[in-house]
Amino acid sequence: MNGLIEVTGLRKLFHLGGSEVAALAGIDVSIARGDFVAVMGPSGSGKSTFMNMVGCLDSPTGGSYRLDGEDVAAMDEDARADLRNRLLGFVFQSFNLLPRTTALDNVALPLLYRRGTAMPATERRARAAQRLNEVGLAERGHHQPSQLSGGQQQRVAIARALVNDPALLLADEPTGALDSRTSVEIMALFQALNQRGITIVLVTHEPDIAAYASRKLLFRDGRLVSDERNPAPRRAADEL
Ligand code: ADP
Ligand code: MG
């Protein structure tokens, strides 16, 4: 048991009126450093709840979760926030960029929330510019989200997710709002990041997108019903 993510008997109950819903009904899974995992399953099967647990955004009702050896379930809100900033980057279907804020400032924002000594503004800007360069948007730093295409906005969001050098990227339907060509570009970027050693867990309902990952987890009714390795993931860069 030395995965980056170690989940054992993980349960999450929600109370709705008088009844209880088991969004997660006992999940056991281990995800190694460097893995690229696609999470699939029908609507309501527990995918987002699982991502919220793995992302330290919510605490489980039962079971245990260790992230990089640390017992997340036992932490208070501050400790979880600190762990998120140190280890995790998040990417969403709807990009979640601040409007009327430049790409550069969007990417630099998480650097303001780091614990410890404040990073000087010039260093924050330099770091953000470097991340924008890494996602192929060096020239777009001064554009606002509304002046960028969907694919470019998602790249900005990925640069923002990378700004604190996370070990793990969590993406919930990152290509859900993009056309198929742009989706392949984003998957090529994820594959390049994974090749650099970043662990990726990505929710998708599209088998075509899951085919770029090296492992597929299938959820149904709050349970993990299959866990398969993909011996030959598609290579997005070759398809562009
Ligand atoms: P998925 O992302 O696979 O569509 P979710 O994890 O969002 O599924 O939801 C799993 C189950 O938990 C669903 O039955 C959903 O209605 C329920 N659920 C999720 N979040 C909440 C919540 N905050 N309050 C009550 N029920 C919830
Ligand atoms: Mg969901």
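### Some remarks on the environment of Leu67
Its place among the elements puts Leu67 in strand 4 (residues 62-67). Assessed through its relative accessible area of 0%, Leu67 is described here as buried. The residues touching Leu67, leaving out its near neighbours within four places in the chain, are Leu4, Ile5, Cys56, Val72, Leu83, Leu87, Leu88 and Leu168.

### Things to note about the site of ligand 1
What surrounds ligand 1 is the set Phe14, Leu16, Val21, Ala23, Pro42, Ser43, Gly44, Ser45, Gly46, Lys47, Ser48 and Thr49. Gly44 is positioned such that a nitrogen or oxygen atom in its backbone is 2.7 Å from an oxygen atom of ligand 1. Separating an oxygen atom of ligand 1 from a backbone N or O atom of Gly46 is a distance of 3.1 Å. If ligand 1 stood free it would expose 560 Å²; the protein chains cover 63% of that surface. When residues of the shell around ligand 1 are traced back to their parent elements, those giving at least two are strand 1 (5-16), strand 2 (19-31) and helix 1 (47-54). No other element matches the three residues that helix 1 contributes to the shell around ligand 1.

### A short note on the sheet that holds strand 5 (residues 70-71)
Taking strand neighbours across the sheet as the criterion, the four strands line up as 2-1-4-5 in an open arrangement whose pairing is antiparallel. Every interior strand has two partners, whereas the edge strands, strand 2 and strand 5, have only one. The pairing of strand 1 with strand 4 spans five bridges and is classified as antiparallel. Bridging from a neighbouring strand, Ile5 pairs with Leu67 of strand 4.

### Regarding the pattern of salt bridges
Going through the model one piece at a time under the given rule, you end up with 17 salt bridges. Two residues, Asp165 and Arg127, come together in a salt bridge whose shortest N-O distance is 3.5 Å. Note that Asp165 is positioned in the loop between helix 5 (150-162) and strand 7 (168-172) and Arg127 in helix 4 (residues 121-134), a separation of 38 residues in sequence. What makes Asp165 partly exposed here is its relative accessible area of 48%. Assessed through its relative accessible area of 17%, Arg127 is described here as buried. By sharing partners, the salt bridges in this structure join Arg127, Arg131, Glu134, Asp165 and Arg196 into a single network.

### Some remarks on unusual backbone geometry
Positive phi, close to 60 degrees, is recorded for Cys56, a residue that is not glycine. Along the polypeptide, Cys56 turns up in the loop between helix 1 and strand 4. Given a relative accessible area of 0%, Cys56 falls into the buried group. Backbone geometry at Asn96 places phi at a positive 55 degrees, although glycine is not the residue there. Within the secondary structure layout, Asn96 lies in the loop between strand 6 (88-92) and helix 3 (103-108).

Cut-offs applied
- Residues numbered from 1 in each chain as written.
- Chains lettered and ligands numbered in written order.
- Predicted model: local features only at pLDDT ≥ 70, side-chain atom pairs only at ≥ 80, totals over all residues.
- Heavy atoms only, no water.
- Helix = DSSP H or I, 4+ residues; strand = E, 2+ residues; numbered from the N terminus.
- Buried < 20%, exposed > 50% of the residue type's maximum accessible area, 1.4 Å probe, protein only.
- Contact = heavy atoms within 4.5 Å.
- Near = heavy atom within 4 Å.
- Polar contact = N/O pair within 3.5 Å; in protein donor to acceptor, adjacent residues only side chain to side chain.
- Areas by Shrake-Rupley, 256 points an atom, 1.4 Å probe, with all protein chains shown as cover.
- Pairing = 2+ DSSP bridges.
- Salt bridge = Lys/Arg side-chain N within 4 Å of Asp/Glu carboxyl O.

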